[in-house]
Structures are given as C-alpha cells and as structure tokens.
Amino acid sequence: MRIIELYILRRTFTLFAAALLWVLALVWTTQVLNRIDLVTDSGQSAGTFFLVAALVLPAVIPIVIPFALGIAVAQTLATMNTDSELVVINASGAPRATIVRPILIIAIAASIASFLINNTLEPASRQAFRSILANARADLITTVLQEGSFQKVDDGLFVQVSQRLPNGQLGGIFVADSREKNTKLVYHARTGATVEQDGGSILVMQDGMIQRESANGDVSTIRFDSYAFDLSEFTSSSGGTPTLHPKDRSLSFLLNPDPNDSFYKRAPQNFRAELHMRFSEWLFPLVFAMIALAVAGDARSFREARLHPIVTTMVIALVIRWVGFFSGTEAEKNPFFSFVLYAAPLLMIGLCAFFIVTNRVMELPTHWVEKLNARTQAYRDRMTGLGFRLAQKRRTQGGRG
C-alpha cells in the first residue's frame, strides 16, 4: 500500500473510531435508561443493572457502525478536498483507486465485524438478558403481587393485591391492562388465587367485573363469577427459563430451527425474516462508505457545493437504512420483503459504484436543496431579527433606567 493510501486509511480510521465512540455512547445511554425499570420495578440490585447495561452494548454496535463510518469517510474526503489534497492526488496522475482502496478496506473490515457481532455476541447477550429478565419475574407472585403493592408487571400492565388471605387466597385484586393499542381493560375482583396449569401461571379472579374502554371513549362493563388471567408470559415454572424470540436465537438455530419450538410453531416466518436480516444487515457499513465516496470522493470546488458532503451522505444513507428497517419488519408478514432486504443495499452499492467509476458526483435533487437552503436562510433571518429586537429593547429599557 502506498504512503498516500496509508495516510487516507489512518485519517479515516481515526475519525471512524472517534465517531463510533461518541455515537455509541449516546445510543447506548438511551437504551440503558429504557431498561432502568428492571431495577426499580422488580427489586434487582445495582449490579444487575450494570450487567444489563453491558449486555445491551452488542446489540447497539452493529446499528451504529454504518453511521460512524459514513460520517468518517465523508468528513475525511471533504477535509482533504478543502485542503486541496484531492486535487494534488489527481494532478499527480494517481489512479482513482488510490482514494477508494483504503476506504473499502475499512468498510469491508467494518462489515465483517458487524456480521460477527450480529451472529455471535448479540444473540449470546440477548439470551443472557432474557435469562436475567426471566429470573427477575420468575418469582412474580411473591415479589410483584405483594400485599398493598401497586406495581408494573410489563409495559401497560399493572397489578395490585389489597391483601393476602390465610388460605393462600388473594383479596382485592386490581389489574390495569393497556398493552393492546386503542383498548384499555380494568379488572376488579373480590378474591382470587394463582394456579399452575400447562406449565404456566394463571391468576384466577372471582366475583368481579371487567371495564373495557375503546378508542372512541365508550366504556362497557362485564361482571363475572370467575375469570382466568394468563401470567405465563411473565413467569416461568422452570425457575426463570427465558422465552427466546427470533432475535435471541443463534445463527445455527435460524439455519435449522427446532420444529417443536413453541415460538417457531406460532410464527415460522419471523425466523426466516430474522435469518435474512442477519445475512443482509452486514452490508450497510459498505453501503454507507460507498455513498460517502460517491458524494465526496472527487476533487471539486466546494464553493459551488449546495450542501456539506456529510449532510448529503447522511440523508441518502438514512433513506436506504430506513428501507432496510422497514423491509425487516414487513418480511415477518410478507416473504417478498426478504428479497428487498438484499436488493436495497446491493442496488445502492451498484449505483454508487457507477457514480465512482464514471467520475460523477452523487447529490440530492436541486429543488430539495433549494427548499432546504431557503428555509435555513429564513430561520437565520428570523433569529437575527429576534436578536436585534431584543438588543434594541434592552437598550431602550437601559436608557429609561
């Protein structure tokens, strides 16, 4: 590798590492804070919280890598162009591969790292997290359904028991369930008990009523002598054995799923969709790097540029990444979107390669940029006018004083 290629490789990797750390820290913090209720609601220790925080990290890294790489490549090339380094490289007669090769090396390495994390560390960390969650809820009846305690069992599900009767019965049961969109259910029962049935826990409520509120505000009431509320989703009869979803499964399981798995029996297409996502998402670091190369990899005068290359790169990259997320969700219902999972990144790579080979610059449509610039300038003018009026008001008040 030539000295100039090592120079580009080093600059890009340095920016990539810095961007990855900062973006990863922000995304990881938001994910960790979303799980703080595991400690506050189920009485877990601070050590459990920090363990959960560490287990969240492998799931965040593959999502952040493409964005950090796209920012690093676009910023490196834009800075080199501003400093006339790209002009000098072209004037020296160096081939276009001098710029492309080191960036592709980093992009391919990042793609391989994403694939390995997605298919090794992430499933293992997800399974460990499921085990912690199952262990926290395995003793649901003794920790959550405490006498006089009103606690959150799951998102949108709250339970309260007024008292525990000597014969193991529960008195004064209240359940609020808003997990289903546009529907709120409230259960009241004088007495009840928990029973084990088919390997799961069931809360049997007696002498009570159900209030159902629909999206339009209508409320209906149903009285019952006995009603069974399934708790098996939140408890485990085998001492905290977790229920594993497709994202929690290893690659080997997805390639050869167990036909007797209860989750697989209910939704086999979810496993197929997850397998296709595992085999397609590793392409996005390469896609983002190619977009940045097509946008900022050519020497030109940025006095004529309408937007900074990072802005253009991120807008195009966000669109293609949204297509990937959307296709992954829809593939669970429609097998056609499994094809889109591969087609979207591969077509984008081919399009970027065409721009790079033909020495063309990938830019956003002119009317988009003009509208964005017009709105940005209008916002600046309003802020400038507001600042001028505030300063004039302060001067007037000062003169009166």
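This section reports on the structure supplied with the text. (Residues numbered from 1 in each chain as written. Predicted model: local features only at pLDDT ≥ 70, side-chain atom pairs only at ≥ 80, totals over all residues. Heavy atoms only, no water.)

## Quick look at the overall build of the protein chain
Inclusion rule: A helix here means a DSSP run of H or I that spans at least four residues, while a strand means a run of E at least two residues long, and both kinds are numbered starting from the N terminus. The cut-offs for exposure are 20% and 50% of the maximum accessible area for each residue type, with area from a 1.4 Å probe on protein chains only; residues under the lower value are buried, those over the upper are exposed, and the others partly exposed. Accessible areas in this description were obtained via Shrake-Rupley with a 1.4 Å probe; residue shielding takes into account the shown protein chains only.
Tallying secondary structure elements over the protein chain gives 13 helices and 6 strands in all. Taking all 401 residues of the protein chain together, 42% fall into the buried category. Only carbon and sulfur atoms are counted for the fraction: they give 59% of the accessible area of the protein chain, which is about 21,900 Å².

## With respect to the pairing of strand 3 (residues 170-177)
The condition that has to hold: In this scheme, strands are said to pair when DSSP sees at least two bridges between them.
In terms of burial, strand 3 is largely enclosed, as 6 of its 8 residues are buried. In this sheet, strand 3 lies alongside strand 2 (residues 157-164) in antiparallel orientation, the contact comprising 7 bridges. Across the sheet, leucine 157 pairs through a bridge with aspartate 177, a residue of strand 3.

## Some details on unusual backbone geometry
One non-glycine residue with positive phi stands out, namely serine 84, at about 65°. Among the structural elements, serine 84 can be located in the loop between helix 3 (46-82) and helix 4 (85-91). Judged by relative accessible area, which is 37%, serine 84 ranks as partly exposed. A positive phi angle is found at asparagine 359, which is not glycine, with a value near 60°. Its place among the elements puts asparagine 359 in the loop between helix 12 (336-357) and helix 13 (366-400).

## Side note on the packing of helix 10 (residues 284-296) against helix 11 (residues 309-330)
The criterion, for reference: Between the N-to-C directions of two axes lies an angle of 0 to 180 degrees, each axis being a line fitted to C-alpha atoms and, for a helix, fitted only over the stretch in contact. It is the rotation of the near helix from the far one that decides the hand of a crossing: anticlockwise by less than a right angle makes it left-handed, clockwise makes it right-handed. Should any heavy atoms of two residues lie within 4.5 Å, those residues are considered in contact.
Running from N to C, helix 10 and helix 11 cross one another at 145°; their axes reach a closest spacing of 9 Å. Relative to helix 11, the crossing made by helix 10 is right-handed. Residues Phe284, Val287, Phe288, Ile291, Ala292, Val295 and Ala296 of helix 10 form the contact with helix 11, whose own contacting residues are Pro309, Thr312, Thr313, Met314, Ile316, Ala317, Ile320, Arg321 and Gly324.

## Considerations on the nonpolar core
Stated formally: Note on terminology: a nonpolar core comprises buried Ala, Val, Leu, Ile, Met, Phe, Trp, Tyr and Cys residues joined through side-chain atoms within 4.5 Å.
Grouped together as the largest cluster of nonpolar side chains are 54 residues, with contacts concentrated most on Leu69, Phe288, Ile291, Ile320, Met348 and Met362. Secondary-structure elements contributing two or more residues to this core are helix 1 (3-34), helix 3, helix 4, helix 5 (97-138), helix 10, helix 11 and helix 12. A total of 15 residues in this core trace back to one element, the largest contributor, which is helix 3. Core analysis: the next-biggest nonpolar cluster, separate from the first, contains 14 residues, Val161, Ile173, Val175 and Leu203 among them.

## Some points on helix 12
For clarity, the threshold we go by: Expected span, for any helix, means 1.5 Å times one less than how many residues it has.
Its 22 residues place the ends of helix 12 32 Å apart at the C-alpha level, agreeing with the 32 Å of an ideal helix rising 1.5 Å per residue. Where helix 12 is concerned, the buried positions are Phe337, Ser338, Val340, Leu341, Ala343, Ala344, Pro345, Met348, Ile349, Cys352, Phe355 and Ile356. At the exit of helix 12 stands asparagine 359, carrying a positive phi of roughly 60°.

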